[in-house]
Each structure stands twice: as structure tokens, then as C-alpha cells.
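Summary of structural features
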Amino acid sequence: MVEHPYTERLATELPLRFSARMRSLSFLQRLVVLVVLGSFGASLWWQRDVTLSLVMVATQIGFLILAAFRIVLVIVSRQRSDAPVEDSHPLPVYTILAALHDEADIVPQLIRRLAAIDYPQDRLQGMLLIEAHDTPTLTAAESAPRPDWLEVVIVPPGDPMTKPRALNHDLRLSTGDLLTVYDAEDHPDPGQLREAAARFSDSPDSRLACLQAPLRISAPHETSRDSAFLHRQFAVEYASLFEVTLPGLARLGMPFPLGGTSNHFRIDVLRAAGGWDPFNVTEDADLGFRLWRQGWHLGIMTRPTHEVPPNALKDWLPQRTRWLKGFMQTWGVHTRTLSGLGFAGLVALTVTIGGTLASAGLHALAVSWLLATVMISLLAGLPPIPPAFAVSVMILGTAAAWLSGQIGARRAGVPYSANDMIMSPIYWSLMSLAFAHAVWRLVVEPFTWDKTPHRPDPVTFDVHCVHAGRQVV
């Protein structure tokens, strides 16, 4: 066990305007809000019906553009070769961080998986970051056999008590040239570090700051019938994101929100960028765009990290709420000023963060509107003919999501049947429930971290993931 003094500053402190800690609107945001609300109010007073129609059409056009862009990403994210990458020589020192909280049951499993990483042990530094009050996890970590390069580090008390605050604490202690972050339930491909080291060494892009490994969801062997639906939809959602959307954005030379795990950084760049924002509950999404604004680029890898999905709705909903709350924080932070974003950055921010929030907020309403329109028409004895343009937008958006999910699922090796496709609008509507919850939590508990419980996987799952990780396409 190692206990280190806590200092408040990184090499470059994160400016307040780029932190979710600042909750007030910037001048630009106030101006946009005043112009939009003022114009909308005046238009309602002048021409109420026309204004509402225009708002509806503008919203539909926005979703039509999002659907078209998603199809573009499917096209440009063509399947990548998994040819082996030659090791860079000499291999750089690599730091591995894993922030743990209430993970006593799963710590031994994580240590086994980290110990299986194929990288010279004398070039590794690993730290299990455990909050000072978390005695069960600390005891489990100290009791489990672990390699010499992996130490247990206590994170001193402090606010907010979030994963990024713990990561920032140990970023100060990191001695590696490269750094990666894993979560407690992760099962990284053993060759992931070697691929990242070689990519950084051989990349012609001198501004490459971070590589994101694909995250792949493998359903646990023991699952209830109630949670099977969520497991399959969650796996396809991840496949669409990490096998299609992020590769597509990377190929277009655009930034993207990083995953919360298995992102590999140049440690000097990460320190200079100010580390992670401890007040943003999706610190990964924020950091991807912050690196871009500072002139750095992001890339993707081929060797995956396997995870299991949330166990049931009671676990899925808080996790999704946190993600959407963090996306709201990230949207607020990166729209305070557009300086440094550029056109590509603004488009990527709008498509990934803004589009996700808009879809989550409106999907259940759109589905309810369509069902209500049809039912009222049928009860009135009239043919159910909803507005053609609105229905066309919904159909195209659904088709684009299905296409992205199907391509991603094939690449990730997860099932996606016709029944899954038919049931997916129910899953998307659940996002609206999480969205409403996230809005409320952003107001009353903006920095609270909703913890997702994890359970150890059977040994057979470990074997399956190692085998699947060698079949990446």
C-alpha cells in the first residue's frame, strides 16, 4: 500500500471556463439563449401556428441531417485490418491506472487480468486507486496476489468524490511515457499496450495524443430473462459507437468523446492539458474535445477491451442517467466559447453530444405522438395518416440506427437479430426516462457519481474474452 500527499495542481491547471464546476452561462451562451427565446416568443405572439410548424420542421430537418451523417459514418468506417503491429523499440514505460470504489468482490479478477497483459514487466507501472474510506476494497486489493509493478494507492478524502479526481491524484505520481485507464470490470486484450505503443511510435501524425480501444460487451453467462433485453441492446449500442461512429469520426479527422476506459494517452500531453475534469461525470467525453481544442488529434485501435453490461434496469438507469448528465455538462462546457473547436470540432460535438441528448430527450415523445395520432384516427373512424415528412424522418433515423447497429454488431461479434431491431425503439424510449432523470440530477446533484455495481465473471467468461480478443476484425 502506498499513501502519497495530495496536491491540488497539475502541470497546467484546468481553467475554470473549461470545467463543469463553473455552472453559470458564458456571454455567448446568454446571447444565444436570449436571441432564441426572444425570437420564439415574438413569433408565437405574431403567428402562433406558423411558428410551431416551423419549429417542428426545423427539428425534423435536424434529425434528418443526423441520420444522413450516421450513414456517412457507416460508409467511411469500413472494416479495418487486424494485421499485427510491429513493436516500437525500445518499448516506452507504460502506466496503468484503475480507479476502484466498492469493488471488493471484483478486485482479484481485475488483478488477474492486468497481470496477463503482454508487456515487459520492467516497463510497467500500475496503480489501483482506492478511496481512503473504502476499507473492504482496500483489504481485498492488499490480500490478492499481484505482480510487483502493480501497487495499491490510497486516494485521500476530498470533493468531489469522483473517478476523475482519483485519476488526477495519481496522474501526478505516474512515471510512464504512456498511460491508460481501465475500469474494475475490464478485460483488456493482452496485446493492447503493445499495439498502442507501436501506433504512437510509428504514427506519421505528430499531434496524436490519444488512442481509443474498442469496448465490446459480452453478456454474462448467468442472466435473468428480464435483463436479457437490456444486455443485447446495450451490446449493440456499444458496437455501433465503438465499431462505427468513433472509427468513422477518426477517419474523417474529427474529434470524438472518449470512452471511460481503455484510452491510451501520451502522458506529457495529458498533464499539459490539465488532466481530467473532476467535476464532470463523463470526464472521458469532455477530455476528447478538450485535447482537440488544444490542437491534438485522437485515433482508434483494433485490440478491444471486453466488459459486461449493467445487470438490470435498476443498474442500467443510474448508469445511463450519469452518462446523459455528463453529456449535458460537456455540452455546456464546450459551447461556452467556440474558440479552438473549428468547424470539424463543432460538427463532431453537435453530432455526438448534442445529437445524443436531443435523441434521448425526444424519442419517447416522438413515438408517443405517432401512436396517439394513429389511435385517435382509428377511434374517429378516419384513416391513420400522420404527416408524411415527420414519418419519413422517423423511418430514416430508425433505418440509420439499425444499419449502424448491424454493421457494428457484426464487427464486434455480438448478436443482433430481427427481433432485436424491432425491440430497439423500446430501448431508445427508455433513454428518455434516463434523460428526464439526468436533467433533474444536473440541477440538484450535478457532481454526484452514480456507481454501477459489478460482479465477478465466471472463469469461462475470461477464456471466451481472450479467444474473442484475438479474432478482432
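Read on for a plain summary of the structure.

Observations regarding the nonpolar core
Core analysis: the biggest nonpolar cluster contains 68 residues, and L129, L179, F265, W276 and L291 have the highest contact counts within it. With nine residues, the single largest contributor to this core is helix α7 (residues 225-251). Apart from the residues lying within four places of it in its own chain, the contact partners of W276 are L97, P164, L167, N168, L171, L179, V181, F265, L270, E283, L287 and R290. Counting residues in each nonpolar core, the second largest holds 34 residues, with L114, Y119, L150 and I154 among its members.

Some thoughts on the pattern of salt bridges
Throughout the structure, instances matching the rule amount to 13 salt bridges. Of the charged contacts in the structure, one is a salt bridge between D420 and R232, with a shortest N-O distance of 2.8 Å. Note that D420 is positioned in helix α13 (residues 418-444) and R232 in helix α7, a separation of 188 residues in sequence. Overall, D420 belongs to the buried group, its relative accessible area being 6%. The exposure class assigned to R232 is partly exposed, which follows from its relative accessible area of 32%. A salt bridge links R441 to D450; its shortest N-O distance comes to 3.1 Å. A relative accessible area of 12% means that D450 is categorised as buried. Connected through salt bridges with shared partners, the residues K163, D183 and E283 form a single ionic network.

Details of the side chain of S262
With respect to the element layout, S262 can be found in the loop between α7 and β9 (263-266). Overall, S262 belongs to the buried group, its relative accessible area being 0%. At 3.3 Å, the side chain of S262 and the side chain of T261 are in polar contact. Setting aside residues up to four positions removed in sequence, S262 forms contacts with T180, V181, Y182, D186, Q192, L211, Q212, A213, L215 and T305.

Things to note about helix α4 (residues 135-143)
All of the buried residues along α4 are T137, L138, A140 and A141. All buried residues of α4 lie within an arc of 165° about the axis, which places them on one face of the element. Every exposed residue of α4 that faces more than 90 degrees away from the buried side is listed here: P136 and S143. Tucked into the core, α4 has its buried residues touching β2 (94-100), α3 (107-115), β3 (124-131) and β4 (150-155).

What about unusual backbone geometry?
Here the bond from D159 into P160 is cis, since omega is -5°, no more than 30 degrees from zero. One can find P160 in the loop between β4 and α5 (163-171). Unlike most non-glycine residues, D102 shows phi in positive territory, near 55°. Here D102 is to be found in the loop between β2 and α3. Residue D102 is classed as exposed on the basis of its relative accessible area, which comes to 51%. Even without a glycine there, the phi angle at S262 is positive, about 60°.

Considerations on the layout of surface pockets
Space inside the second largest pocket adds up to approximately 680 Å³. Along the wall of the second largest pocket there are 22 residues; nearest its centre are L25, Q29, W331, G332 and T335. Within the residue set of the lining of the second largest pocket, elements represented by two or more residues are α1 (27-46), α10 (313-334) and α11 (342-379).

A short note on the pairing of strand β5 (residues 178-182)
In terms of residue burial, β5 counts as a mostly covered element, since five of its five residues are buried. Residues L178, T180 and Y182 line one face of β5 and the alternating positions L179 and V181 line the opposite face, and both faces are buried. Looking at chain direction, β2 and β5 are connected through five bridges and run parallel. Considered in β5, the bridge of L97 is made with V181. Taken together, the three bridges between β5 and β9 define a ladder with antiparallel strand orientation.

Conventions we followed
- Residues numbered from 1 in each chain as written.
- Predicted model: local features only at pLDDT ≥ 70, side-chain atom pairs only at ≥ 80, totals over all residues.
- Heavy atoms only, no water.
- Core = buried A, V, L, I, M, F, W, Y, C linked by side-chain atoms within 4.5 Å.
- Buried < 20%, exposed > 50% of the residue type's maximum accessible area, 1.4 Å probe, protein only.
- Helix = DSSP H or I, 4+ residues; strand = E, 2+ residues; numbered from the N terminus.
- Contact = heavy atoms within 4.5 Å.
- Salt bridge = Lys/Arg side-chain N within 4 Å of Asp/Glu carboxyl O.
- Polar contact = N/O pair within 3.5 Å; in protein donor to acceptor, adjacent residues only side chain to side chain.
- Arc of directions from axis to C-beta.
- 1 Å grid on protein atoms, 1.4 Å probe; cavity = no way out; pocket = protein on both sides within 12 Å on 5 of 7 lines; lining within 4 Å.
- Points joined across faces, edges and corners; volume = space filled by probe spheres on them.
- Pairing = 2+ DSSP bridges.

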